[in-house]
Amino acid sequence: SIVTVPPTPRGCSVELDPTIECCEDSDCIFGNEVCVLRTCVDEGNPRFTLSWTGDDDIDLVVLTPLGTVLSDANRFDQASGGIFGEPGDQFGEGRHVE
C-alpha cells in the first residue's frame, strides 16, 4: 500500500536539536538521511518508517527475507546490509518517528 506523508507544517523552524529535527531533507546533517515528520531518518531501499502521535512507546521490528530480525536490539544484518537506523527512545506526549 502507498502511505501519504502529510506536508511539513507552515512556519516550520528547527529550534530544538538540528542533529535530529528537520523541516526538509536539506536540514538533515548526514548525507544518507531524509526528513520525515520533522525527524531526520536514515534513507534506505526499502525504508520502513513508523510514526505516531501520543505517549505510547511503540517499537518497530523488521524481518529480513533471510530471517534476521532487525530492531533496536539488533541494529545491523551482515547478510542483507540492513540497518535499523533510529534510536527507539520515545518519551512523553507528542509526535514520534522510529
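A. Expanded view of the pairing of strand E2 (residues 39-42). Alignment of strand E1 (residues 33-36) against E2, held across four bridges, turns out to be antiparallel. Counted as the bridge partner of Glu33 is Asp42 from E2. As consecutive antiparallel partners, E1 and E2 are separated by two residues, and within that stretch Leu37 has a phi angle of approximately 50 degrees, a positive value.

B. How the structure looks around a negative patch on the surface. A surface patch of negative charge is lined by Asp55, Asp56, Asp57 and Asp59. Counting through the fold element by element, Asp57 comes out in the loop between strand E3 (51-54) and strand E4 (62-63). Note on Asp57: relative accessible area 49%, which makes it partly exposed.

C. Here's a closer look at the pattern of salt bridges. Tallied over the entire structure, the rule returns one salt bridge. A salt bridge links Arg75 to Asp72, with the shortest nitrogen-to-oxygen separation between them at 2.5 Å. A relative accessible area of 29% places Arg75 in the partly exposed class.

D. Structural detail: the state of the cysteines. Within the structure shown, the criterion is met by two disulfides. Disulfide pairing places Cys22 opposite Cys35 at an S-S distance of 2.1 Å. Across the S-S bond linking Cys22 and Cys35, the dihedral sits near 95 degrees, which makes this disulfide right-handed. Residue Cys22 is located in the segment before E1, and its partner Cys35 is located in strand E1; the two are separated by 13 residues in the primary sequence. Exposure remark for Cys22: the relative accessible area of 0% places this residue in the buried category. Each sulfur in the disulfide pair Cys28 and Cys40 lies 2.3 Å from the other. Since a negative S-S torsion denotes a left-handed disulfide, the Cys28-Cys40 link at about -100 degrees is left-handed. With a gap of 12 residues between them, Cys28 in the segment before E1 and Cys40 in strand E2 connect regions that are remote in the sequence. Both residues of the pair, Cys28 and Cys40, count as buried.

Criteria and cut-off values
- Per chain, residue numbering runs from 1 following the sequence as it is written.
- Local features in this predicted model are restricted to residues of pLDDT 70 or higher, and side-chain atom pairs are both shown and tallied only at a pLDDT of 80 or more, whereas totals for entire chains, interfaces and linings draw on every residue.
- Based on all heavy atoms of the structure, the side-chain values leave hydrogens and waters out of the count.
- Strand pairing is defined by DSSP finding a minimum of two bridges between the two strands.
- What counts as a helix is a DSSP run of H or I of at least four residues, what counts as a strand is a run of E of at least two, and both are numbered from the N terminus.
- Residues forming no salt bridge and having over 30% relative accessible area are the ones grouped into patches, like charges within 9 Å of each other and nonpolar side chains (Val, Leu, Ile, Met, Phe, Trp, Tyr) within 5 Å.
- Each accessible area value is a Shrake-Rupley result obtained with a 1.4 Å probe; residue values ignore everything except the protein chains displayed when judging cover.
- When a carboxyl oxygen of Asp or Glu is within 4 Å of a side-chain nitrogen of Lys or Arg, the pair counts as a salt bridge.
- Charge counting treats Lys and Arg as positive and Asp and Glu as negative, with His and both chain ends excluded.
- Charge coordinates come from a single atom per side chain, which is NZ of Lys, CZ of Arg, CG of Asp or CD of Glu.
- Think of it in three bands: residues with accessible area under 20% of the maximum for their type are buried, residues over 50% are exposed, and the middle band is partly exposed, with areas taken using a 1.4 Å probe on protein chains only.
- Counting rule for disulfides: a pair of cysteine sulfur atoms within 2.5 Å.

In short, geometric facts, not functional conclusions.
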